[in-house]
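# Coordinate analysis (summary)
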Amino acid sequence: MSRFSKVFAAFAVVAAAASCGRTARIDAVVTDAPSSDIIVKQLNVNTFETLDTVALDAAGKFSYKVEIQEGQIEFVYLYKGSKRIASLLLEEGDKVTVNADTLGNYTVAGSEESEKLALVEKEYAEALAKMNALSAELESVEDVNDAVKVRQE
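## Looking at the pairing of strand β3 (residues 47-55)
Relative to β3, strand β2 (residues 37-44) is paired through 8 bridges, and the arrangement is antiparallel. Along β3, the bridge assignment pairs Ile-39 with Thr-53. The hairpin formed by β2 and β3 contains 2 residues between the paired strands, and Val-45 there has a positive phi angle of roughly 60°.

## Side note on the packing of aromatic side chains
This structure, assessed with the given rule, holds 2 aromatic pairs. Considering the side-chain rings of Phe-48 and Tyr-79, the 6.3 Å spacing of their centres and the 75° angle between planes classify their relative orientation as edge-to-face. With Phe-48 in strand β3 and Tyr-79 in strand β5 (residues 73-80), the pair connects residues that are 31 residues apart, well separated along the chain. Among the aromatic residues, ring-to-ring pairing joins Phe-48, Tyr-77 and Tyr-79 into one connected group. The ring centre of Tyr-79 lies 4.4 Å from the NZ or CZ of Lys-41, which sits over that ring.

## A few points about the sheet that holds strand β6 (residues 83-91)
Spatial ordering of the open sheet is given by β3-β2-β5-β6, a layout of 4 strands whose pairing is antiparallel. On the outer flanks of this sheet lie β3 and β6, each paired with one strand and no other. Here the average twist between neighbouring strands, direction ignored, is 25°.

## Thoughts on the nonpolar core
Core analysis: the largest hydrophobic core is formed by 25 residues, its most contacted members being Ile-26, Phe-62, Leu-78, Leu-88, Leu-90 and Val-98. Those elements that provide at least two residues to this core are β1 (23-30), β2, β4 (61-67), β5, β6, β7 (95-100) and β8 (106-109). Those residues within four positions of Phe-62 in sequence are excluded, and the remaining contacts are Ile-26, Asp-27, Ala-28, Ile-38, Val-54, Ala-55, Leu-56 and Leu-78.

Rules used throughout
- Residues numbered from 1 in each chain as written.
- Predicted model: local features only at pLDDT ≥ 70, side-chain atom pairs only at ≥ 80, totals over all residues.
- Heavy atoms only, no water.
- Pairing = 2+ DSSP bridges.
- Helix = DSSP H or I, 4+ residues; strand = E, 2+ residues; numbered from the N terminus.
- Phe/Tyr/Trp six-rings, centres within 6.5 Å; stacked < 30°, edge-to-face > 60°.
- Lys NZ or Arg CZ within 6 Å of the ring centre and 35° of its normal.
- Axes fitted to C-alpha atoms, helices over the stretch in contact; angles between N-to-C directions.
- Core = buried A, V, L, I, M, F, W, Y, C linked by side-chain atoms within 4.5 Å.
- Buried < 20%, exposed > 50% of the residue type's maximum accessible area, 1.4 Å probe, protein only.
- Contact = heavy atoms within 4.5 Å.

Function cannot be inferred from these measures alone, as they are strictly geometric.
Have a look at this one:
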């Protein structure tokens, strides 16, 4: 093998290894959507950019690799139609496992940042549900007060 061939082969191996390291892998199961499509989106400054549409197998599973810019963290979202079902915060080399349903309930493992994001989103959804329940309760009390006022007049 000539010296040029050896240098070229070494360069090709290094380039291949470098490009492989700039990805994150998502292995997911969407429990209630077998044989359907999931849309993978990435946050690009302030807009969502569709990366791909991925077909789920008969068990609702899929794998997907996301390109990650060196030294960057990427916000990646999984959608079923217009419903966001999972949010991920990925770094190069992450290998995350997602278990989700089409209602937006999900768990994630393999990325500490994605796990924290999932926890924040879950706590936000719980707080929002409590606020909505309190708001509905307040409206019903106000309706009762209005009815009492009408009867007293």
